[in-house]
Protein chains: 2
Amino acid sequence: MIDRTVPGPVRILLADDHALVRRGVRLILDGEPDLEVVAEAGDGAEALALAREHRPDLAVLDVAMPRMTGLQAARELSAALPGLRLLMLTMYDNEQYFFEALKAGASGYVLKSVADRDLVEACRSAMRGEPFLYPGAVTALIRHYLDRARQGDGVPEKILTAREEEILKLVAEGHSSKEIAATLVISVKTVERHRANMLHKLGMRDRLELTRYAIRVGLIEP
Amino acid sequence: MIDRTVPGPVRILLADDHALVRRGVRLILDGEPDLEVVAEAGDGAEALALAREHRPDLAVLDVAMPRMTGLQAARELSAALPGLRLLMLTMYDNEQYFFEALKAGASGYVLKSVADRDLVEACRSAMRGEPFLYPGAVTALIRHYLDRARQGDGVPEKILTAREEEILKLVAEGHSSKEIAATLVISVKTVERHRANMLHKLGMRDRLELTRYAIRVGLIEP
DNA sequence: CCGGAGATGGGTGGCACCACCCATGTACGG
DNA sequence: CCGTACATGGGTGGTGCCACCCATCTCCGG
């Protein structure tokens, strides 16, 4: 554990599939004396590898990345490097994914559209162990709390399981049940079973609606 | 017209809905002595207004922006400010889109994923009146040229007809052929005919791909 | 230790989608 | 005035999606 009483700069791992965004984030963060980007990853898998290598203090992760999403990466990183702080960076102000991010162990959630204003502060908050919530997230949090208080029931519950999300991603990318079954080495019926469960859970009618949902929540790009 | 024989820095209008991307692009461009960002817009409409106000030499436009897409903005800007150079910035390496950009009057097309490397060079190419094409675009261009050379016909022209676009919108919103037929007061077969024509034109396989296409080009929201 | 949740797999049937085939009418430009 | 593009409509057949039904196995928590 790094001795935070005599702090050097916070060592940051940056993961985003767009070099341009990485460049912007790096310039913003490296402009601060107490923050330093030590590694850049272009996808979730690379982030995981680089985190193991560089042991950063903080990981700033894009939610939507190829191969492994930022949320999956966050879960893996949490498990692999327990002391690591996590900050999610996203294009979409989506309530569901905001809660997923918190559950995946993220300390904060910053919208790309306002990131130039909030990002540095979010990093510092994360390192102090405090959550950082952009204003829209606070609104979502309050609305969600009120909703549950009104209905009187329990925790937000994860809408989709990890396996379902995996299959949703493939469905939304346009793969047929047969293709997905081949990819995951399971039967077509199981793929259809998962897809049917998702349709039921989300109150949707077909894979087209699932696709738009996946795009909305940032699981895939159009 | 500015006198390019005694050039000051190229005055650039930057339009992207993500402040973070704008920040990155601005830092990259302002780091060059011959380039200067004079205005930033968060969407296409704002870009149009700022272009009228600042009369920049070059506009760097994100393809996907809220309210008015970069392509729409490019067309409007071309019409409003004939001398203006245009450079499109995009997340998607999509052939169709790339040709739309060229048709909208863009001098170049740069992928965000490689923009930190290519962007400055693309700006200078645009100001010299030369096209800038990232390698993938060159490949697409050659393939397209060969396709047309083989078939012996002319310019790409408008991809979809007005009626097709109308039907695409409904398809992408998730309506079935029967519903669309009822809405437009035509037969189911005609709807299917139009849809099949679109699939053929765009080289796609099913309505799911059509949906993503519609989202990409800003015809509908996810 | 048992119940629930999750992942796995199978069968049947209806319907939408999609790829082929065919045709007619209109409008516009060479 | 004729060809081409566009919109219209019909038929046939294959395949995938989706809604139902059924089951087994594992894992975790009460």
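Residues numbered from 1 in each chain as written. Chains lettered and ligands numbered in written order. Predicted model: local features only at pLDDT ≥ 70, side-chain atom pairs only at ≥ 80, totals over all residues. Heavy atoms only, no water.

As annotated in an unreviewed UniProt entry, chain A carries the name Response regulator transcription factor and is attributed to Streptomyces benahoarensis.

### Quick look at the protein's contact with DNA strand D
Surrounding DNA strand D, one finds 19 residues, the nearest of these being D206(A), R207(A), R163(B), S187(B) and H194(B). Each atom of DNA strand D within 4 Å of the protein belongs either to a base or to sugar and phosphate, the latter forming 67%. Looking at the surface near DNA strand D, the elements that each hand over two or more residues are α8 (177-184) and α9 (188-202) of chain A together with α9 (188-202) of chain B. The element that contributes the greatest number of residues to the surface near DNA strand D is α9(A), accounting for 5 residues. A breakdown of the residues in the surface near DNA strand D according to their chemical character gives 2 nonpolar, 6 polar and 11 charged. (Near = heavy atom within 4 Å. Helix = DSSP H or I, 4+ residues; strand = E, 2+ residues; numbered from the N terminus. Nonpolar A, V, L, I, M, F, W, Y, C, P; charged D, E, K, R; others polar.)

### Quick notes on the protein's contact with DNA strand C
Close to DNA strand C lie 19 residues, the nearest being R163(A), S187(A), H194(A), D206(B) and R207(B). Taken together, the sugar and phosphate atoms account for 66% of what DNA strand C places within 4 Å of the protein. Within the backbone of S187(A), a nitrogen or oxygen atom sits 2.6 Å from a phosphate oxygen of DNA strand C. Separating a base nitrogen of DNA strand C from a side-chain N or O atom of R193(B) is a distance of 3.3 Å. Every element with two or more residues in the surface near DNA strand C is listed here: α9 of chain A together with α8 (177-184) and α9 of chain B. For the surface near DNA strand C, a count of residues per class yields 2 nonpolar, 6 polar and 11 charged. (Polar contact = N/O pair within 3.5 Å; in protein donor to acceptor, adjacent residues only side chain to side chain.)

### Looking at the UniProt feature "modified residue: 4-aspartylphosphate" (unreviewed entry) in chain A
Here, the residues flagged by UniProt with the feature "modified residue: 4-aspartylphosphate" (unreviewed entry) are D62(A). The topology assignment puts D62(A) in strand β3 (residues 58-62). (UniProt positions renumbered as here; feature names shortened; annotations may be inferred.)

### Topic: the environment of A15(B)
In this fold, A15(B) is placed in strand β1 (residues 10-15). By relative accessible area, which is 1% here, A15(B) ends up buried. (Buried < 20%, exposed > 50% of the residue type's maximum accessible area, 1.4 Å probe, protein only.)

### Focus: the nonpolar core
L168(A), L210(A) and L210(B) are the most contacted members of the largest nonpolar core, which totals 41 residues. Those elements that place two or more of their residues in this core are α7 (162-172), α8, α9 and α10 (207-216) of chain A together with α7 (162-172), α8, α9 and α10 (207-216) of chain B. Setting aside its immediate chain neighbours within four residues, L210(B) contacts L168(B), V171(B), R195(B), M198(B), L199(B), L202(B) and M204(B). Membership of the second largest hydrophobic core comes to 30 residues, among which are V10(A), L87(A), V37(B) and V110(B). (Core = buried A, V, L, I, M, F, W, Y, C linked by side-chain atoms within 4.5 Å. Contact = heavy atoms within 4.5 Å.)

### A word on the environment of V21(A)
Among the structural elements, V21(A) can be located in helix α1 (residues 19-30). Each C-alpha atom of the pair V21(A) and D62(A) lies 9.5 Å from the other, and the pair is 41 residues apart in sequence.

### Observations regarding α10(B)
The element α10(B) is largely enclosed, with a buried count of 8 among its 10 residues. Of all the residues in α10(B), the buried ones are L208(B), L210(B), T211(B), R212(B), Y213(B), A214(B), I215(B) and R216(B).

### With respect to the pairing of β3(A)
Residues and elements named next belong to chain A. With 5 of 5 residues buried, β3 lies mostly within the body of the structure. Residues L58, V60 and D62 point to one face of β3 and A59 and L61 to the other, with burial holding for every one of them. Bridging between strand β1 (residues 10-15) and β3 involves 4 bridges; their strand directions are parallel. Paired with L13 across the two strands is A59, which belongs to β3. Note: β3 against strand β4 (residues 85-90), 5 bridges, orientation parallel. When the sheet's bridge partners are listed, V60 is paired in β4 with L87. (Pairing = 2+ DSSP bridges.)

### Some points on unusual backbone geometry
Residues other than glycine seldom take positive phi values, yet R55(A) does so here, at roughly 45 degrees. Of note, R55(A) is situated in the loop between α2 (44-54) and β3. Positive phi, close to 55 degrees, is recorded for V185(B), a residue that is not glycine. Relative to the elements of secondary structure, V185(B) occurs in the loop between α8 and α9.

### Quick notes on the interface of chain A and chain B
Tallying the contact residues gives 32 residues for chain A and 33 residues for chain B. Both faces considered, chain A and chain B share a buried interface measuring about 2,900 Å² in area, 65% of it formed by carbon and sulfur atoms. Of all residues in chain A, L20(A), L208(A) and P222(A) bury the most surface against chain B, accounting for 25% of the area lost on that side. Here chain A and chain B share 4 salt bridges between them. (Buried area = accessible area lost by both parts, 1.4 Å probe. Salt bridge = Lys/Arg side-chain N within 4 Å of Asp/Glu carboxyl O.)

### Observations regarding the packing of α8(B) against α9(B)
Residue and element names in this part refer to chain B. Between α8 and α9, the least distance of the axes is 8 Å, while the angle of their chain directions is 110 degrees. In this view, α8 runs roughly perpendicular relative to α9, as classed from their interaxial angle. The handedness of the crossing between α8 and α9 is right-handed. Where α8 approaches α9, its residues S177, K178, I180 and A181 are matched on the opposing element by V188, V191, E192 and R195. Its residues placed into classes, the contact of α8 with α9 shows 4 nonpolar, 1 polar and 3 charged. (Axes fitted to C-alpha atoms, helices over the stretch in contact; angles between N-to-C directions. Parallel < 35°, antiparallel > 145°, perpendicular 65-115°, else oblique. Left-handed = near helix turned anticlockwise from the far one by under 90°.)

### Points about the pairing of β1(B)
Residue and element names in this part refer to chain B. Most of β1 sits inside the fold, with 5 of its 6 residues counted as buried. Inspection of the sheet shows β1 paired to strand β2 (residues 35-41) by 6 bridges, in the parallel sense. From the neighbouring strand, V10 faces β2, where its bridge partner is L35. The handedness of the β1 to β2 crossover, carried by helix α1 (residues 19-30), is right-handed. (Right-handed = clockwise from strand over helix to strand, strands pointing away.)

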